[in-house]
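Secondary and tertiary structure notes
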Amino acid sequence: MALLQISEPGQSTAPHEHKLAVGMDLGTTNSLVATVRSGVADTLADEDGVHLLPSVVRYSANGDVTVGSNALSHATTDPLNTLASVKRLMGRSERDLTALEGYLPYKFTRHESNVPRIDTAGGAVTAVEVSAEILKHLRQRAELSLGGELVGVVITVPAYFDDAQRQATKDAATLAGLNVFRLLNEPTAAAVAYGLDQKAEGVTAIYDLGGGTFDISILKLTRGVFEVLSTGGDTALGGDDFDREIAVWLLKHAKVEIDAQAGQDHQLMRRVMKEARRVKEVLSTQQEAHISVRLNKADDFEITLSRNQFETLIEPHINKTIAWCRKALRESGVEPTDVENVVMVGGSTRTPYVREKVAEFFGKEPLTNIDPDKVVAVGAAQQADKLAGNNPDEEMLLLDVLPLSLGIETMGELVEKIIDRNTVIPVTRAQKFTTFKDGQTAMRVHVLQGEREKVSDCRSLATFDLTGIPPMVAGAAHIVVTFQVDADGLLSVSAEEESSGVNASVEVKPSYGLTDIEIETMLNDSFRHAKDDMQMRQLAEQQVEADRVLESLKSALAKDGELLSEDELAKIEQCKSILLAARQGDDSDAIKQAIQDLESDSEEFIARRMNRSVQQVMKGHRVEEFE
Ligand code: ADP
Ligand code: MG
């Protein structure tokens, strides 16, 4: 009989224990989670074998929160409570909303903290909370399939994300109960996935065409540091445009006039868009695709779209991306031929014509052997694995750079840069300032982010006051302002008057971001308010129902009132006034009861009206004709 072995307390049985760490790609359209197993990084699938998680969250009145394809299937039937593309709102203030409102059809509520909240049946939620639901879902998937708790994650963000957007992403991770090793730029992650960080140096272009966004990044690698030479792109350009082109083409050929606002056309448009997307994906591998879609009750409309025709339709959109590539190269001072590697990222780069045009522009074949919608998550997983300490032999750690310059406001509403963009992080820099007036005892430090000279052209991150400066003549005080940026690109600032040692500091939480306390309250509130919100919701629903019943009664009486005797009419009128009174109050049960009473009292009336209309239809016909 074999004896089972038990190790000594405190000693691990495995010589080198593998820690569970993952990379997460929190995308606008789709999100993914990946991990390294037996030295190979790959994405993790859900129980149905699906890797991509649609970045969609639905909030129902009963408090249910659904994530992914289960939520996506309600996008058209329940659009206001089914939230998609919230990545566009991360780190955005109320002020930023105006620019976004066009393509985010949600209802927003005002809030004192200046963080926009989206109104849903399940309560008002911030983009951070919505993203947290997506991350939580990915975390559960990872813990289920890896069989244990995660020690940490690497989450990817677009290279152009500013401090507020990065902070918002970290906040979402905190809400999801994740330990963030670090945030990593998406293009950097893609380059890592191809092992380009192992090379000595070189320029890489990362072309990322997703569902609704296009990003081009020019990276330069020098001694293990990826420097972002330039970024560019369009936040309203992607595979969705290809779908739309096919849909419009199809409707034109079917000679269907569409009024997208009209309710019944909504369902139709949904079917058409779904078919368009399917056809687009078929055309990535086939030369032609057969379209079949129900446009009216009678029959299906059928037509064939060839790859050539499709390419003509999408050419203008691809040309736009190429124009962005040209601009990004010009800004980075690099010639297309200097680019050593072109990496394809995003589901839409599976379209062969996109690859062709990109290859033509850069004069070389782009790298496509890693699945373009997985490549970012794969690179993030490799970084997470290293940061968890699973590769003790590998000491080279990838370093990132600051995406935007940081500085403070000086006299004349000008910005003095303290750390320039593209400085390798983590970094600490200090600069000396002095007072402007004789006897000045306080100083306001206004922290800004951006490349422009004027305060109004940069993004304000925070302000704080340094007080208690001993009165001196102007220019005599020496105030040292220190900026410290951690590995995630997040900043803290301190100021100190040298002679007196008076100091003040802030951890920069952008003025429109969330504080730790706010996040905690939000977590608690979400439990507490769930009940109130539900009651409010029920009341609103009953009020709407009451209005509907009253309105239809009114028109029925106007048309067929003479079918009632005086007594019957009086009784219905009485029920009606009870309902009207209840409708003014805030007791949803009372409204519900009054509706029921009115309905049961009008049953006879409804029956008579039905009879009458049946008789009218039947006039001059025999019953058999209708069978
Ligand atoms: P994001 O980064 O914005 O979250 P993805 O990288 O996941 O988005 O890309 C999603 C887009 O990729 C969608 O428009 C989808 O239709 C498109 N896509 C997915 N597979 C294919 C395919 N085989 N051919 C063409 N487009 C595809
Ligand atoms: Mg993406």
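Analysis parameters
- Every chain begins its residue count from 1, and numbering advances along the sequence as written.
- As a convention, the first chain written is A and the first ligand written is 1, with the rest following in written order.
- Reporting in this predicted model follows two pLDDT cut-offs: at least 70 for local features of residues, and 80 or more for side-chain atom pairs to be given and counted; totals over whole chains, interfaces and linings ignore these cut-offs and use all residues.
- Computation of side-chain values covers all heavy atoms of the structure but excludes hydrogens and water.
- Only DSSP runs of H or I with at least four residues qualify as helices, and only runs of E with at least two residues qualify as strands; both kinds are numbered from the N terminus onward.
- Relative accessible area decides the class of each residue, using a 1.4 Å probe on protein chains only: under 20% of the type maximum gives buried, over 50% gives exposed, and in between gives partly exposed.
- We call two residues in contact whenever any of their non-hydrogen atoms come within 4.5 Å of each other.
- Note on areas: Shrake-Rupley, 1.4 Å probe, and residue coverage restricted to the protein chains presented here.
- What makes two strands pair is DSSP finding at least two bridges between them.
- Axis lines are fitted to C-alpha atoms, over the contacting stretch for helices. Their N-to-C directions set the angle, which ranges from 0 to 180 degrees.
- For each residue, the test is whether any non-hydrogen atom lies within 4 Å of the molecule or strand; if one does, the residue is near.
- We call two N or O atoms a polar contact when they sit within 3.5 Å, provided that within protein one can donate a hydrogen and the other can accept it, with sequence-adjacent residues counted only if both atoms are side-chain atoms.
- Here a Phe, Tyr or Trp ring, Trp counted by its six-membered ring, pairs with any other such ring whose centre lies within 6.5 Å, and the pair is stacked when the planes are under 30 degrees apart, edge-to-face when over 60, and tilted otherwise.
- Orientation is classified from the angle alone, with under 35 degrees giving roughly parallel, over 145 giving roughly antiparallel, 65 to 115 giving roughly perpendicular, and any other angle giving oblique.
- Each crossing gets its handedness from the near helix: less than a right angle anticlockwise from the far helix is left-handed, clockwise is right-handed.
- Under the convention adopted here, Pro, Cys and the residues Ala, Val, Leu, Ile, Met, Phe, Trp and Tyr are nonpolar, Asp, Glu, Lys and Arg are charged, and Gly plus all remaining residues are polar.
- Every helix has an expected span of 1.5 Å times one less than the residues it contains.
- Bend, in this description, refers to the angle at a residue between axes fitted to the seven residues ending there and the seven starting there.
- Salt bridges are defined by distance alone: a side-chain nitrogen of Lys or Arg within 4 Å of a carboxyl oxygen of Asp or Glu.

Attention now moves to the overall build of the chain. Assigned secondary structure in the chain consists of 14 helices and 28 strands. Here the chain, with 627 residues, has 47% of them falling under the buried criterion. Sequence-distant contacts, at least 24 apart, represent 65% of the contacts inside the chain between residues at least 6 apart. When the accessible surface of the chain is split by element, carbon and sulfur atoms take 50% of a total near 31,700 Å².

Taken together, 4 strands build an open sheet; the order of strands is S15-S14-S13-S18 and the sheet is mixed. Only two strands of the sheet have a single neighbouring strand rather than two, namely strand S15 (225-234) and strand S18 (341-345). The sheet shows a mean angle of 20 degrees between the axes of neighbouring strands, direction not considered. Across the sheet, helix H8 (residues 307-332) touches strand S13 (201-209), strand S14 (214-222) and S15, and the angle it forms with S14 is around 30 degrees.

Taken together, 17 residues form the shell around ligand 1, and within it Thr29, Asn30, Lys280, Ser284 and Gly347 come nearest. Interatomic distance of 3.2 Å between a backbone N/O atom of glycine 211 and an oxygen atom of ligand 1. Measuring from an oxygen atom of ligand 1, one finds a side-chain N or O atom of lysine 280 at 2.6 Å. Compared with its free state, where it exposes 590 Å², ligand 1 has 89% of that area covered by protein. Where the shell around ligand 1 is concerned, the elements lending two or more residues are helix H6 (239-253) and helix H7 (263-282). The element contributing the most residues to the shell around ligand 1 is H7, with 3 residues.

Summed over the entire model, instances satisfying the criterion amount to 4 aromatic pairs. Ring geometry for phenylalanine 361 versus phenylalanine 362: centroids 4.9 Å apart, planes at 80 degrees, classification edge-to-face. According to the relative accessible area criterion, phenylalanine 362 is buried, its value standing at 2%.

The next thing to look at is the packing of H6 against H8. Taken N-terminus to C-terminus, the directions of H6 and H8 make an angle of 135 degrees; their axes are 10 Å apart at the nearest point. The orientation of H6 with respect to H8, classified from their angle, is oblique. H6 and H8 meet at a crossing whose hand is right-handed. Contact with H6, carried on its side by Asp241, Phe242, Glu245, Ile246 and Trp249, involves Gln309, Phe310, Leu313, Ile314, His317 and Ile318 of H8 and no other residues of that element. Per-class residue counts for the contact of H6 with H8 are 7 nonpolar, 2 polar and 2 charged.

Quick look at H8 now. A turn of α-helix holds 3.6 residues, and therefore any two residues three or four places apart point the same way. Across its 26 residues, H8 extends 35 Å between first and last C-alpha, which sits within 8% of the 38 Å expected from 1.5 Å per residue. Of all bends in H8, the biggest is about 50 degrees, found at isoleucine 314, and the proline proline 316 comes one to four residues later. Remark: glycine 333 follows H8 within two positions and exhibits a positive phi of approximately 70 degrees.

Next up on the list: the pairing of strand S3 (residues 40-43). Side chains Ala41 and Thr43 project from S3 onto a buried face, and the interleaved Val40 and Asp42 project onto a face without burial. The pairing of strand S2 (residues 30-37) with S3 spans 4 bridges and is antiparallel. Pairing of threonine 35 across the sheet is with aspartate 42, part of S3. Connecting S2 to the next strand, S3, in antiparallel fashion are 2 residues, including serine 38 with a positive phi near 50 degrees.

Turning to the sheet that holds strand S8 (residues 108-109), a few remarks are in order. Taken in spatial order, the 3 strands make up an open sheet running S8-S9-S10, and their pairing is antiparallel. Two strands bound the open sheet, and with one partner strand each, they are S8 and strand S10 (123-125). Strand direction decides the pairing type here: S8 and strand S9 (residues 117-120), joined by 2 bridges, are antiparallel. Considered in S9, the bridge of threonine 109 is made with arginine 117.

Further remarks concern the pattern of salt bridges. Applying the stated rule across the entire model yields 22 salt bridges. In this structure, glutamate 275 engages arginine 278 in a salt bridge whose closest nitrogen and oxygen atoms are separated by 2.8 Å. With glutamate 275 and arginine 278 both in helix H7, this residue pair falls 3 residues apart, about one helical turn. The exposure class assigned to glutamate 275 is buried, which follows from its relative accessible area of 10%. Taken together, the salt bridges that share partners define one network made up of Arg350, Asp371, Asp373 and Lys374.

Just distances and angles here, no functional claims.
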